[in-house]
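# A structural walkthrough
Next come the chains, spelled out residue by residue.
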Amino acid sequence: MTTFENADNKEIDKFDRVSQIWWDPKGEMGTLHTINPLRTNFITEKLSVSQPKILDVGCGGGILSEALAKAGAQVTGTDLSEASLQAARHHAKQGGLEIEYLYERVEDLAEKRAGTYDAVTCMEMLEHVPEPNKIIAACVKALKPGGHIFFSTINRTPKAFLFAIVGGEYILRLLPRGTHSYSKLIRPSELKDWSAQNGLTYARIASLMYNPFNGTFKVAMGKEDVNYMMHFTKSK
């Protein structure tokens, strides 16, 4: 296996193992399909550019990438799980979608394409790398001045441990067991600090609230809860 700087091979192995179930909405990745319309709307509602160029960092099997492409974006997805990228390419081809999928570190891509993208998305990825701050820096480098960055991750609180890991992975089976490590979860204050250090301006936060009684999620704007999304802008 290729060893990448600022990547955890054990984390990549996890996503290689689930590569065949990315597109099974009733499988262990089904939760991503459930929340995907909410995430997509959180991103696209603030983009005023027609056919924006979007970089999807840690794109996995392409669930978000495809939704953004269907919304009219020109999408590049990058990931270090080759098996997941194969699943993404296959599904996009089946759907007749032109999405550029790259087996490449975002740090390297940003060097080659600095200031290229109208928006960068990095969803459910920062908690899987050794140094999230370096990923944020690369995302900023790839972004055009005045562009938008969207992150989503999981809060590091006792409630998050109980709901996201114990409840989500081991009881309700919303995600494969072992998907998240509590020590790698990220508090909103930490994400704000890292983003400010990299020249980003905070715009808004929202949390995805799960209703276990009917299995649905809703977006709670302005709320710092377990699963949260954060939006920043880059100065012009």
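Residues numbered from 1 in each chain as written. Predicted model: local features only at pLDDT ≥ 70, side-chain atom pairs only at ≥ 80, totals over all residues. Heavy atoms only, no water.

## Remarks on the environment of His-33
Among the structural elements, His-33 can be located in helix α2 (residues 30-44). Sequence separation between His-33 and Trp-23 is 10 residues, and the spatial gap between their C-alpha atoms is 8.3 Å. (Helix = DSSP H or I, 4+ residues; strand = E, 2+ residues; numbered from the N terminus.)

## Considering α2
Look at α2: 22 Å from first C-alpha to last across 15 residues, which is about the 21 Å you get at 1.5 Å a residue. At Asn-36, α2 shows its maximal kink, close to 45°; a proline, Pro-37, follows between one and four residues later. Every buried residue of α2 is listed here: Gly-30, Thr-31, Leu-32, Ile-35, Asn-36, Arg-39, Thr-40, Phe-42 and Ile-43. In this structure, the buried residues of α2 make contact with α3 (63-70), β4 (117-123), β5 (143-154), β6 (200-211), β7 (216-221) and β8 (227-234). (Expected span 1.5 Å × (residues − 1). Bend = angle between axes of the 7 residues up to and from the residue. Buried < 20%, exposed > 50% of the residue type's maximum accessible area, 1.4 Å probe, protein only. Contact = heavy atoms within 4.5 Å.)

## Observations regarding the packing of α2 against α3
With their axes 10 Å apart at the nearest point, α2 and α3 run at an angle of 45° to one another. Taken together, the axes of α2 and α3 are oblique relative to one another. Judged by the sense of rotation from one axis to the other, the crossing of α2 with α3 is right-handed. Here Leu-32, His-33, Asn-36, Arg-39, Thr-40, Ile-43 and Thr-44 of α2 lie close against α3, whose contacting residues are Ile-63, Leu-64, Ala-67 and Leu-68. (Axes fitted to C-alpha atoms, helices over the stretch in contact; angles between N-to-C directions. Parallel < 35°, antiparallel > 145°, perpendicular 65-115°, else oblique. Left-handed = near helix turned anticlockwise from the far one by under 90°.)

## Here we look at unusual backbone geometry
Located in the positive-phi region is Gln-51, a residue other than glycine, with phi close to 50°. Structurally, the position occupied by Gln-51 is in the loop between α2 and β1 (53-57). Here Gln-51 falls in the exposed class, since its relative accessible area comes to 53%. A positive phi angle, near 55°, is found at Glu-124, a position not held by glycine. Inspection of the secondary structure puts Glu-124 in the loop between β4 and α6 (132-142).

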